[in-house]
Amino acid sequence: MSEIIRIGTRDSELALWQAKTVQDQLEKLGYKTSLVPVKSTGDLVLDKPLYELGITGIFTRTLDIAMLNHDIDIAVHSLKDVPTVLPKGIVQAAVIKRGNINDTLVFKNNEEFLAQKEAVIATGSLRRRAQWLNRYPTHTIVDLRGNMNSRMQKLKDNEDWNGAIFAAAGLGRIGIRPEEAINLDWMIPAPAQGAVMITALKENEFAVNACAELNHEETEICTSIEREFLNRLEGGCTAPIGAIAQIKNEEVVFKGTLLSIDGSKRIDVTRVKKLGEHHDMAAFCANFVIERGGKRLMDELQRTNKQTTVYSTKTLTEGQRHLLSHKINVKSSDFIKVSLNRIPKTVLKSNLNNVIITSKNAVEALTTNFSSDELKFKNIYCVGRRTKQLIEQKIGKVAHSENSAKNLANYLVDYMEGTEITYFCSDLRLDDLPKILEDNNITVNEVEAYKTVYSSLKVDESTEGIMFYSPSTVQSYILQNKAKKIAFCIGDTTAEEAKKHFKDVRIAKVPTVESVIELVNEHYV
């Protein structure tokens, strides 16, 4: 086993503990691994409660993008933090054996405040807040964010706080649970609390198969029921939902709850099914809650979260939509449509030494017109990581790639073999690349591989941001809309076109749709 499995993780002490646990288990099975710590948005934004940030997957999104960009092979998460719908192409590779499921109260002096009318309890969880207020309605809840150690320190530093609520599993895993801490057996935990999930790209069979050896079936069954219950109620970190499934004596016992934010309204459900007959359990319990006022409660929760509307000039997949903050209402449609051209065989009459491909559309045009045996190019140069991946899947090895056409042109001026190149492009291609090459005595033979047709729509004035993925999407948008919004752009070439019209232009870190989504989340969160 020479292949190294790169394990992506947040860089908090607890996250590293979880990642190292997975690393140890994989290495015991003979796999080679390396840890890749990644800073997440959830770790960086500590001045607001998690539920106010309104993001499902705030601690997982950065790792998802790193995986989709092939910077890591697998990611290790606290399962309770993972959205119930994973991004397209990412799968649950394993759930390791579950730890302590309980919430734990850590108090400063003694437990007497539990019998008093006035007390101050700290938590950043909307679910814990609602359940505590349901039981102790006169108590005051204050926000508490940060990693385990910093939250424990904040409890010590705030003299007027009586206690704070933590996940028992987290405290135990990093060895900071005080002896006097109390497990709150009456509090229904978050769906999948205490469990650790490993995700991987579906296409990465080596990593998926390796992680499958770590999967704990009982934990997977229970957490899957809890997460389906959450999904059917359409809840996340912005909804006070609790769920726990446990297997006892060949039976699955499930408890679920949905509360109002202030804890004054509560709907509970309990169900027991024989193991093997449990597959409809989550659906039954979610419907039970919905029919007894749960839909009204969820509608109220949605109304309390003011949403920002953004528009994507490319239709987003369901997985991509789930990467966006719950506080962001996204609409999308294709502002350009592509028509593949018929490319004459005379184009390939002689072997082409140097070829430029700047989009996935050009790849599709080539592979539609010709067989793989006909596409024998000596040097292929391209723009974009995704385009490169598609070329290497369908045509052949890429000699060099850049993030923009202008950067690629400058590279070719210095390093290209020969003085002639064939450019498979759109009828609406920008002038930068061929102009730079021709100004440097490189002959560019342009082949129109596809046509780009504008498909502009009128966007509502209340929309605050527009997501662009090519200069053509900017041009199409301007046909029917004013440039009064923020332009979120996939790369430099798109941004240059946007700057002709928009005053506020933001550029994604890497040229992928997911990175544009991350850019939007960073701005509005």
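Residues numbered from 1 in each chain as written. Predicted model: local features only at pLDDT ≥ 70, side-chain atom pairs only at ≥ 80, totals over all residues. Heavy atoms only, no water.

Caption draft 1: Looking closely at the overall build of the protein. What the protein contains, in helices and strands, is 18 helices and 24 strands. For the protein, the C-alpha radius of gyration of 27 Å lies close to 24 Å, the compact-globule estimate for 525 residues. Principal-axis analysis of the C-alpha atoms places the extent of the protein at approximately 85 × 55 × 45 Å. When each of the 525 residues of the protein is scored for burial, the buried share is 54%. Counting only contacts in the protein whose residues sit at least 6 apart along the sequence, the fraction spanning at least 24 positions is 65%. When the accessible surface of the protein is totalled, it reaches about 23,700 Å², and 45% of it is carbon and sulfur. (Helix = DSSP H or I, 4+ residues; strand = E, 2+ residues; numbered from the N terminus. Rg over C-alpha atoms; globule rule 2.2 N^0.38 Å. Buried < 20%, exposed > 50% of the residue type's maximum accessible area, 1.4 Å probe, protein only. Contact = heavy atoms within 4.5 Å. Areas by Shrake-Rupley, 256 points an atom, 1.4 Å probe, with all protein chains shown as cover.)

Caption draft 2: Fine view of helix α15 (residues 432-439). Among the residues making up α15, those that are buried are L433, P434, I436 and L437. Buried positions in α15, seen along its axis, are confined to an arc of 165° and lie on one side of it. The exposed set on the far side of α15, more than 90 degrees from its buried face, consists of K435 and D439. Along its buried surface, α15 packs onto β17 (354-357), α14 (405-415), β20 (420-426) and β21 (443-454). In the stretch just after α15, N441 is the one whose phi turns positive, near 65°. (Arc of directions from axis to C-beta.)

Caption draft 3: Broad picture of the confidence of the model for the protein. When pLDDT is averaged across the protein, the result is 89; 94% of the residues are at 70 or more. Under a pLDDT of 50 for its full length, residues 42-56 has, in the predicted model, 51 contacts with residues more than four places off or in other chains. (pLDDT = per-residue confidence, 0-100.)

Caption draft 4: The arrangement of the sheet that holds strand β1 (residues 4-9) in detail. Read from one edge to the other, the open sheet built from 5 strands follows the order β2-β1-β3-β10-β4, with strand pairing classed as mixed. Among the strands making up the open sheet, the edge pair consists of β2 (32-37) and β4 (90-96). The average angle at which neighbouring strand axes cross in this sheet is 30°, direction not considered. Summarising the sheet, β1 and strand β3 (residues 74-78) pair through 2 bridges and their orientation is parallel. (Pairing = 2+ DSSP bridges. Axes fitted to C-alpha atoms, helices over the stretch in contact; angles between N-to-C directions.)

Caption draft 5: Structural context of unusual backbone geometry. Backbone geometry places H70, a non-glycine residue, at a positive phi of 65°. With phi around 65°, E250 is a residue other than glycine that occupies positive phi space. Here E250 shows up in the loop between β11 (241-248) and β12 (251-259).

Caption draft 6: Structural context of the environment of I356. Within the secondary structure, I356 sits in strand β17. On a C-alpha basis, the gap between I356 and I198 in space is 38 Å, while along the polypeptide they are 158 residues apart. Setting aside its immediate chain neighbours within four residues, I356 contacts Y381, L408, L412, I421, T422, Y423, F424, L433 and L437.

Caption draft 7: Examining the pattern of salt bridges more closely. The final tally for this structure, using the stated rule, is 21 salt bridges. When the shortest N-O distance is used, the salt bridge between E226 and R98 registers 2.8 Å. Placement of the pair is E226 in helix α9 (residues 217-232) and R98 in the loop between β4 and β5 (103-107), with a sequence separation of 128 residues. Here E226 falls in the buried class, since its relative accessible area comes to 0%. The salt bridge involving K509 is made with E522; its shortest N-O contact spans 3.6 Å. Residue K509 is located in the loop between β24 (504-507) and α18 (513-524), and its partner E522 is located in helix α18; the two are separated by 13 residues in the primary sequence. (Salt bridge = Lys/Arg side-chain N within 4 Å of Asp/Glu carboxyl O.)

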